[in-house]
Amino acid sequence: MAVVVVRDPAVDTPFGVSAALLAAGLAVRPEPPVDRASPATGLAGVEALVVLSARRSDVAPVLALLRDAVAAEVPVLALGAGAGLLSEAEIAADPDGTGPGARLGLTLTPPAGNDPLLADVGPLPEVPLPGRAPLPVAERDGRDPVALAGTVAPAGRTVLARQRQAFRLGSAAWGVPFVDGDRPGPWGELLLGRFAALAAARAAHTTTRAHFTRQAGDWEERFAYQAPAYGAAVARMRLEAGGRALDLGCGTGRAMPALRAQVGPSGQVVGVDVTSAMLASAARHARHRQGHLLAADCDRLPLPAGSVHGVFSAGLIDQLPDPRATLLEWRRVAAPGAVLLLFHPSGRAERAARNNRPLDPNDLLAEDNLRPALETTGWRVDEYEDAPHHVLARAVLRG
């Protein structure tokens, strides 16, 4: 796992930040992941960002990188002048407060309540940034009377920051303008330790979200040709009308119309995905008219036990870190006799040939591996196919 420290080498040294992150067990890459042609590619392989500053020539791509990180829910901690860059990223994305950028939601969060990073961290310090006047302690009454104002620090940094409060942008980005990244002090070290733990806990989801957020925009169009195969796979479930069906790892929700057709108007269809950008694409393609779209972890479903009658999942189970735990969670929410259908729109031999490699004997989708994985977690397999153009397994939960 690596945390990237974004900084201007002429201004900031990452030693204080690096020491705190290393103490928390994280690797640190002190190079800014800036690609001027395509800033989002800088998120590849990155579990979190700590932002201190940016070269003047890098400000625009760093702002683009931060916007992409916020959209992909990559954890971001922006300290000192970096907090100004984070707040400026939102302003630059949507200067008039309307349109897609407004949905990112800049929310000032005092260090109390249930914030996953800033809750109950103790009294805020009064720490001046280098070359600047001391920054006032955050107000405790929730008001934000401080207007944004751009200044240039004597060290050459462009600063655009809310001067009194730590703030949160979206679900996974925080700005703390009164903590110096070079010398974070005890309070800053506590903050960095918390951030490191948060980044570690979210690492698997961060990688997934960063990957699929980049692809969400044209995913539906690229794979539209697979729609008939998805419909045919769902037809194999043979669900009864009035039941609840899940599409887990739904992406843009291509299986949801076929699921709706099976459970009928009295049934319920829920598309679940961990990547918000994919769910947004599903909504753009009107999949919300077929059922509910839910941002959730398929390993921790916010559903009561025994409440689901059909589970469809395409291209997901063999990508998860602990498939057994996942199958047990799906068993938890399933009613006796519920149907599970696992699908991949490419056959195993087809994928091996496409990647110029032999068949992998450890592939979870191989029958010798998948059948026992299902049987030992309570699912009885009644159909398995490794066809030229798909892999399909149908199983029923034992009563």
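This text goes with the structure placed above it.
Residues numbered from 1 in each chain as written. Predicted model: local features only at pLDDT ≥ 70, side-chain atom pairs only at ≥ 80, totals over all residues. Heavy atoms only, no water.

(A) Molecular detail of the overall build of the chain. When helices and strands are tallied, the chain shows eleven helices and 16 strands. For the chain, buried positions account for 52% of its 399 residues. Of all intrachain contacts in the chain linking residues separated by at least 6 positions in sequence, the fraction that spans at least 24 positions is 68%. Split by element, the accessible area of the chain, about 17,000 Å² in all, is 55% carbon and sulfur. (Helix = DSSP H or I, 4+ residues; strand = E, 2+ residues; numbered from the N terminus. Buried < 20%, exposed > 50% of the residue type's maximum accessible area, 1.4 Å probe, protein only. Contact = heavy atoms within 4.5 Å. Areas by Shrake-Rupley, 256 points an atom, 1.4 Å probe, with all protein chains shown as cover.)

(B) Expanded view of the environment of D273. Within the secondary structure, D273 is located in strand 11 (residues 268-273). A sequence separation of 20 residues divides D273 from L293, and the C-alpha atoms of the two residues are 8.0 Å apart. Sequence-distant contacts of D273, that is, excluding residues within four places in its chain, are made with G249, C250, G251, M278, L279, L294, A295 and A296.

(C) Local environment of the layout of surface pockets. The space that makes up the largest pocket amounts to roughly 1,300 Å³. Along its surface, the largest pocket is lined by 49 residues, and F212, A314, G315, L316 and Q319 are the ones closest to its centre. Put simply, the parts of the chain that give the lining of the largest pocket at least two residues each are helix 5 (203-222), strand 11, strand 13 (308-314) and helix 10 (348-354). Ranked by residues supplied to the lining of the largest pocket, first place goes to helix 5 with eight residues. Tallied by class, residues from the lining of the largest pocket come to 22 nonpolar, 13 polar and 14 charged. (1 Å grid on protein atoms, 1.4 Å probe; cavity = no way out; pocket = protein on both sides within 12 Å on 5 of 7 lines; lining within 4 Å. Points joined across faces, edges and corners; volume = space filled by probe spheres on them. Nonpolar A, V, L, I, M, F, W, Y, C, P; charged D, E, K, R; others polar.)

(D) Structural detail: the nonpolar core. Counting 31 residues, the largest nonpolar core has L246, W330, L374 and W379 as the members making the most contacts within it. Looking at this core, the elements with two or more residues in it are strand 10 (244-248), strand 11, strand 13, helix 9 (323-333), strand 14 (334-344), helix 11 (367-375), strand 15 (379-387) and strand 16 (390-397). Ignoring sequence-local partners within four residues, the contact set of W330 consists of L248, C298, L301, V311, S313, L316, I317, L340, L342 and W379. (Core = buried A, V, L, I, M, F, W, Y, C linked by side-chain atoms within 4.5 Å.)

(E) A look at the packing of helix 6 (residues 227-235) against helix 7 (residues 256-263). Interaxial distance between helix 6 and helix 7 falls to 9 Å at its minimum, and their mutual angle equals 30 degrees. Relative to helix 7, helix 6 is oriented roughly parallel. As helix 6 packs across helix 7, the resulting crossing turns out to be right-handed. Residues G231, V234 and A235 of helix 6 touch helix 7, and the partners they reach there are A258, L259 and Q262. (Axes fitted to C-alpha atoms, helices over the stretch in contact; angles between N-to-C directions. Parallel < 35°, antiparallel > 145°, perpendicular 65-115°, else oblique. Left-handed = near helix turned anticlockwise from the far one by under 90°.)

(F) Structural detail: the packing of helix 1 (residues 15-23) against helix 4 (residues 185-201). The interhelical angle for the contact between helix 1 and helix 4, taken along N-to-C directions, is 50 degrees, at an axis separation of 9 Å. In terms of orientation, helix 1 lies oblique with respect to helix 4. Crossing of helix 1 against helix 4: the hand is right-handed. Contact residues: helix 1 offers V17, A20 and L21, while helix 4 offers E189, L192 and A196.

(G) Expanded view of the pattern of salt bridges. All chains considered together, the criterion is met by 16 salt bridges. The salt bridge involving R287 is made with E220; its shortest N-O contact spans 2.8 Å. Residue R287 is located in the loop between helix 8 (276-284) and strand 12 (292-295), and its partner E220 is located in helix 5; the two are separated by 67 residues in the primary sequence. Considered together, R287 and E220 belong to a single accessibility category, that of buried residues. Of the charged contacts in the structure, one is a salt bridge between R354 and E350, with a shortest N-O distance of 4.0 Å. Of the two residues, R354 and E350 are both situated in helix 10; the distance of four residues between them amounts to about one turn of the helix. Within this structure, R236, R238, E383 and E385 form a network of salt bridges that share partners. (Salt bridge = Lys/Arg side-chain N within 4 Å of Asp/Glu carboxyl O.)

(H) Broad picture of the pairing of strand 11. Within strand 11, five of the six residues are buried, leaving the element largely enclosed by the surrounding structure. Judged from the five bridges that link them, strand 10 and strand 11 form a sheet pairing that is parallel. Along strand 11, the bridge assignment pairs L246 with V270. With respect to chirality, the unit in which strand 10 leads through helix 7 into the neighbouring parallel strand 11 is right-handed. Chirality of the crossover, the property in question, places the unit of strand 11, helix 8 and strand 12 among those that are right-handed. (Pairing = 2+ DSSP bridges. Right-handed = clockwise from strand over helix to strand, strands pointing away.)

Distances and angles like these do not, on their own, reveal function.
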